[in-house]
Amino acid sequence: MINFKDFLKHYLLSRRRYFYIQLIFFLFLLLFFYLFRENRSVLEYLLGILFFLTLLFIFLDSSFVYQNYRKEILYEEGIAESPLESHLQTQIRSLKDENQRQKIEAQFRVNDLLDYYTLWGHQIKTPIAAMTLLLQDLDGETKKLLEQELFKIDGYVGLVLHYLRLESFHDDLVLKEESIEEMVKEVVRKHALFFIQKGLTLDLKGLDVSIVTDKKWFLVILEQLLSNSLKYTKKGKVSIYYKDSTLFLQDTGIGIKNSDILRVFERGFSGYNGRLTHQSSGLGLYLSKKIADRLGLKLSIQSEVGVGTTVKIFFAQEDFLVE
């Protein structure tokens, strides 16, 4: 959209010398008109012709300038009106071409890195699966500890792969009616080892609700949230329940400091708890928040140090709920 005031300002500035010359010329005519009163009729006729020609020139010239101005604003194309403008336009085009070339090269480098890390993530899962099978031949406490650590490694690899796939989030998005209870139980079964080893109680209630979502991505959110609860909860219980269009995940863990609450969804932020336990990557909650936003969900956290943490997943759009 062309702003007329901006164009008028541009036109007056670009043609100011012509207007000054015309003004001086008309002032001389008026002076002659005053000095030679006997020839006033001839001067009036000449003044009228010049005035008409001036208006015609302004109309034609302003139309030409407007078309040129429009091309510059909308398409970044225009006709240079001086050697300096021509030189500047050439330099600008050259800089834009170079900038575009650098952007394309940078994107190629990013794509190469994404492909490499995606391939690495899939390849590393093979030795993880092999180690899982080998652990079945062991017994005792060592086996339990190794299983726990191997599960963490598998979780970190999965986190990296999900983070990489976030760039193509909508490419494989499949929205279907899914049961919250079934998805929660699937994630809980996956983390059953930690509940058993820590002696934590699990409380599930009010989960008989269906939602329309992408199961794969929603499970990523649940896994990250439950993993965090188990990571920072040494005793007590984890409660997962649904109420008022909101899914709650509540634990009796160490809690989060007030100074960290506002930053827990930032990329790479591990906070006081992460620095204390050296167990935080700073990506889990960031990834969960990103996925929630793209699924049309709202994620929030309430916490009290020494008491526990409650994470809420709010289904803001009623269309996503099926009672």
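Now for a look at the structure at hand. Just so it is clear, the structure is predicted and the values come from calculations on it, not from any experiment.

Section: the nonpolar core
Turning to step 1, where the next piece is worked out: Within the largest apolar cluster, 43 residues are counted, with the highest numbers of intra-cluster contacts made by Ile180, Phe218, Leu222, Leu247, Ile291, Ile313 and Phe315.
Turning to step 2, where the next piece is worked out: The set of elements that each furnish at least two residues to this core consists of helix H6 (180–190), helix H7 (192–198), helix H8 (215–231), strand S4 (237–243), strand S5 (246–251), helix H11 (284–294), strand S6 (298–304) and strand S7 (308–314).
Turning to step 3, where the next piece is worked out: Counting residues per element, this core draws most heavily on H8, which supplies nine residues.
Turning to step 4, where the next piece is worked out: Within the second largest apolar cluster, five residues are counted, among which are Ile128, Leu135, Leu150 and Leu161.

A few points about the packing of helix H5 (residues 140–165) against H11
Turning to step 1, where the next piece is worked out: Closest axis-to-axis distance for the H5/H11 pair is 11 Å, and the angle between their directions is 40°. In terms of axis orientation, H5 runs oblique to H11. Considering the relative orientation of H5 and H11, their crossing is left-handed. Taken together, the residues of H11 that come into contact with H5 (itself represented by Leu159, His162 and Tyr163) are Gly284, Tyr286 and Leu287.
Turning to step 2, where the next piece is worked out: For the contact of H5 with H11, the class distribution of residues is four nonpolar, two polar and no charged.

Thoughts on the pattern of salt bridges
Turning to step 1, where the next piece is worked out: Taken as a whole and judged by the stated rule, the model has nine salt bridges.
Turning to step 2, where the next piece is worked out: A salt bridge links lysine 185 to glutamate 181; its shortest N-O distance comes to 3.3 Å. Within this pair, lysine 185 and its partner glutamate 181 are both found in helix H6, separated by four residues, close to a single helical turn.
Turning to step 3, where the next piece is worked out: As a salt-bridge pair, lysine 289 and aspartate 293 come within 3.1 Å of each other at their nearest N and O atoms.

Some points on the packing of H6 against H8
Turning to step 1, where the next piece is worked out: Interaxial distance between H6 and H8 falls to 10 Å at its minimum, and their mutual angle equals 50°. If you check the angle between H6 and H8, you find them oblique. Our pair here, H6 against H8, has a crossing hand that is right-handed. Judged by residue contacts, Met183, Val184, Glu186, Val187, Val188 and Lys190 of H6 engage Lys215, Phe218, Leu219, Leu222, Glu223 and Leu226 from H8.
Turning to step 2, where the next piece is worked out: When the residues that make up the contact of H6 with H8 are grouped by side-chain class, the tally is eight nonpolar, no polar and four charged.

Analysis parameters
- Every chain begins its residue count from 1, and numbering advances along the sequence as written.
- Selection of residues for local features in this predicted model requires a pLDDT of at least 70, selection of side-chain atom pairs for listing and counting requires 80 or more, and totals for whole chains, interfaces and linings are taken over all residues.
- Excluding hydrogens and water, the side-chain values take into account all heavy atoms of the structure.
- Working definition of a nonpolar core: buried Ala, Val, Leu, Ile, Met, Phe, Trp, Tyr and Cys residues. They are joined through side-chain atoms within 4.5 Å.
- For each residue, the accessible area found with a 1.4 Å probe, counting protein chains only, is set against the maximum for its type, and the residue is called buried under 20%, exposed over 50%, and partly exposed in between.
- Every helix listed is a DSSP run of H or I at least four residues long, and every strand listed is a run of E at least two residues long, numbered separately from the N terminus.
- As a rule, the C-alpha atoms of each element are fitted with a line to give its axis, helices using only the stretch in contact, and angles between N-to-C directions run from 0 to 180 degrees.
- Note on terminology: angles under 35 degrees are roughly parallel, angles over 145 are roughly antiparallel, angles of 65 to 115 are roughly perpendicular, and the others are oblique.
- Here a crossing is called left-handed whenever its near helix is offset anticlockwise from the far helix by less than a right angle, and right-handed whenever the offset is clockwise.
- Residue contacts are defined here by distance: any two heavy atoms, one from each residue, within 4.5 Å place the two residues in contact.
- Only Asp, Glu, Lys and Arg are considered charged in this grouping, and only Ala, Val, Leu, Ile, Met, Phe, Trp, Tyr, Cys and Pro are considered nonpolar; every other residue, Gly among them, is considered polar.
- We define a salt bridge as a contact between a side-chain nitrogen of Lys or Arg and a carboxyl oxygen of Asp or Glu at a distance within 4 Å.

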